[in-house]
Structures are given as C-alpha cells and as structure tokens.
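One-letter residues, chain by chain:
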Amino acid sequence: MSAPLLAGTSTVAAAQQDDAPLFACHQRFQAAYSAARAMSNQPEPACNTPEADAYEVRFDALVLEECERLEELAAIPAFTLRGKRLKAEIILALLPEHLRYSEMDGETQLILSLARDLVREKAA
C-alpha cells in the first residue's frame, strides 16, 4: 500500500524541484528594474510642468512594478541550488544599496554572509 504513495510523492517532489516559476519571475523583475534604472538615468523634465507630472507617473509605475516583482520573487521558493544562488545574487545586488544609510545589524550581516556563501559556491 505504501509503494503507490511513495511513487506519487516522488512525482510531486520532482514537480516541486522545478525553479522555472522563479526564473520567469526574475526575468519580469529584471525588466522592471532595468527600466526604472534607465529612466532614473535620464534627465528629468522641468519641475511643475505636464511633462514632469507624466514622467513622475511613469517612474512611479516602474518602481511599483519592480517592488511587486521583488515581493513575488520572495514568495516563490527556490528548490534547486541554482535557484538559491539566484536569490543570493539578488540579495547581494540590492540589500547593500538599500541599507546604504542604515546601520547594518548582525542579522543583516548574517543574511549577506549567507548570500555570499551561496554565490561563492557557484564560482567553485
């Protein structure tokens, strides 16, 4: 009786080991992140103009999209080492910039250390 259950469990486990949703979400995040950075590198229109208002609306929408995709990435579990490394690389790319003007406490240092460990394993 337990053999069919084990066979079904391994099929479910194999399906759960797929990081395709994580990598697809990362592509959407990367697109929003790149678009927001590209827009922030462009000169802004003069203040108090319709162009400035439109620019701000577009930029805010890109930043919101970036934040939503980042939250989506955080909610998707990484099942493979490749998926875990991807999340570690994102942490290393974003967290130090996010904390630039904040004190880095022990918990944050530990998170960054773990992320560096995962990325370093990729290089080895």
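Here, every reference points to the structure presented above.
(A) Representation of the overall build of the protein chain within the structure. Looking only at helices and strands, the protein chain has five helices and zero strands in total. Each helix and strand of the protein chain, placed in order from N terminus to C terminus, yields the pattern α-α-α-α-α. Looking at the protein chain as a whole, 23% of its 124 residues are labelled buried. By sequence separation, contacts in the protein chain at least 24 residues apart represent 64% of the contacts at least 6 residues apart. In the form shown here, the protein chain has an accessible surface area of approximately 8700 Å², with 60% of it arising from carbon and sulfur atoms.

(B) Region of interest: the packing of aromatic side chains. Under the counting rule described, the total for this entry stands at two aromatic pairs. Between Y55 and F59, the ring centres sit 6.3 Å apart and the planes meet at 5°, which makes this aromatic pair stacked. Note that Y55 and F59 are positioned in helix α3 (residues 50–75) at a spacing of four residues, about one turn of the helix. Judged by relative accessible area, which is 7%, Y55 ranks as buried. Among the residues examined, F59 registers a relative accessible area of 24% and is labelled partly exposed.

(C) Region of the structure containing the nonpolar core. Of all hydrophobic cores here, the largest spans ten residues; its members are L22, C25, F29, Y33, L73, I76, A78, L86, I90 and L94. For this core, the secondary-structure elements that each account for two or more residues are α2 (20–40) and α4 (81–98). Those residues in contact with F29, other than ones at most four positions away along the chain, are E66, R69, L70, L73 and L94.

(D) Layout of a negative patch on the surface. On the surface, E44, E51, D53, E56 and D60 cluster together into a negatively charged patch. Turning to its location among the elements, E56 is positioned in helix α3.

(E) Expanded view of α2. The first and last C-alpha atoms of α2 sit 30 Å apart over 21 residues, in line with the 30 Å expected at 1.5 Å per residue. Along α2, the residues that are buried comprise L22, C25, H26, F29, A32, Y33, A36 and M39. Down the axis of α2, the smallest arc covering the buried residues is 165°, so these residues share one side.

(F) Layout of the side chain of E66. Among the structural elements, E66 can be located in helix α3. Since its relative accessible area comes to 10%, E66 is described here as buried.

(G) Highlighting the packing of α2 against α4. Put simply, α2 and α4 touch, their axes get as near as 11 Å, and they point 25° apart. If you check the angle between α2 and α4, you find them roughly parallel. Here α2 runs over α4; the crossing is left-handed. Contacts from L22, F23, H26, F29 and Y33 of α2 reach α4 at R82, G83, L86, K87, I90, L94 and E97. Of the residues belonging to the contact of α2 with α4, the class tally is seven nonpolar, two polar and three charged.

Rules behind the numbers
- Residue positions are given per chain, counting from 1 as you read along its sequence in written order.
- The predicted origin of the model limits local features to residues at a pLDDT of at least 70 and limits the giving and counting of side-chain atom pairs to 80 or more, whereas totals for whole chains, interfaces and linings rest on all residues.
- Just so you know, side-chain values use all the structure's heavy atoms and leave hydrogens and water out.
- A run of H or I in DSSP becomes a helix once it reaches four residues, and a run of E becomes a strand once it reaches two; helices and strands are each numbered from the N terminus.
- For the exposure calls, accessible area comes from a 1.4 Å probe over protein chains only, and a residue counts as buried if that area is under 20% of its type's maximum, exposed if over 50%, partly exposed in between.
- By definition in these notes, contact holds between two residues if any of their heavy atoms fall within 4.5 Å.
- Under the convention used here, a 1.4 Å probe and the Shrake-Rupley method define accessible areas, while residue burial counts only the protein chains that appear.
- Here the aromatic set is Phe, Tyr and Trp, taking the six-membered ring for Trp, and pairing holds for ring centres within 6.5 Å; pairs whose planes are under 30 degrees apart are stacked, those over 60 apart are edge-to-face, and all others are tilted.
- Side-chain atoms within 4.5 Å are what join buried Ala, Val, Leu, Ile, Met, Phe, Trp, Tyr and Cys residues into a set we call a nonpolar core.
- Surface patches are drawn from residues lacking salt bridges whose relative accessible area is over 30%; two like charges belong together within 9 Å, two nonpolar side chains (Val, Leu, Ile, Met, Phe, Trp, Tyr) within 5 Å.
- Each salt bridge in this description consists of a side-chain nitrogen of Lys or Arg and a carboxyl oxygen of Asp or Glu lying within 4 Å of one another.
- Positive charge is attributed to Lys and Arg, negative charge to Asp and Glu, and no charge count is given to His or to the chain ends.
- Think of each charge as sitting on NZ of Lys, CZ of Arg, CG of Asp or CD of Glu.
- One less than the residue count of a helix, multiplied by 1.5 Å, gives the span that helix is expected to have.
- Taken from the helix axis, the directions to the C-beta atoms give the arc we talk about.
- Lines fitted to the C-alpha atoms define the axes, with helices restricted to the stretch that makes contact. Angles between their N-to-C directions range from 0 to 180 degrees.
- Should an angle lie under 35 degrees it is considered roughly parallel, over 145 roughly antiparallel, and from 65 to 115 roughly perpendicular; all remaining angles are considered oblique.
- Whether a crossing is left-handed or right-handed is set by the direction in which the near helix is turned from the far one by less than a right angle, anticlockwise for left-handed and clockwise for right-handed.
- For this classification, Asp, Glu, Lys and Arg are treated as charged, while Ala, Val, Leu, Ile, Met, Phe, Trp, Tyr, Cys and Pro are nonpolar and the rest, including Gly, are polar.

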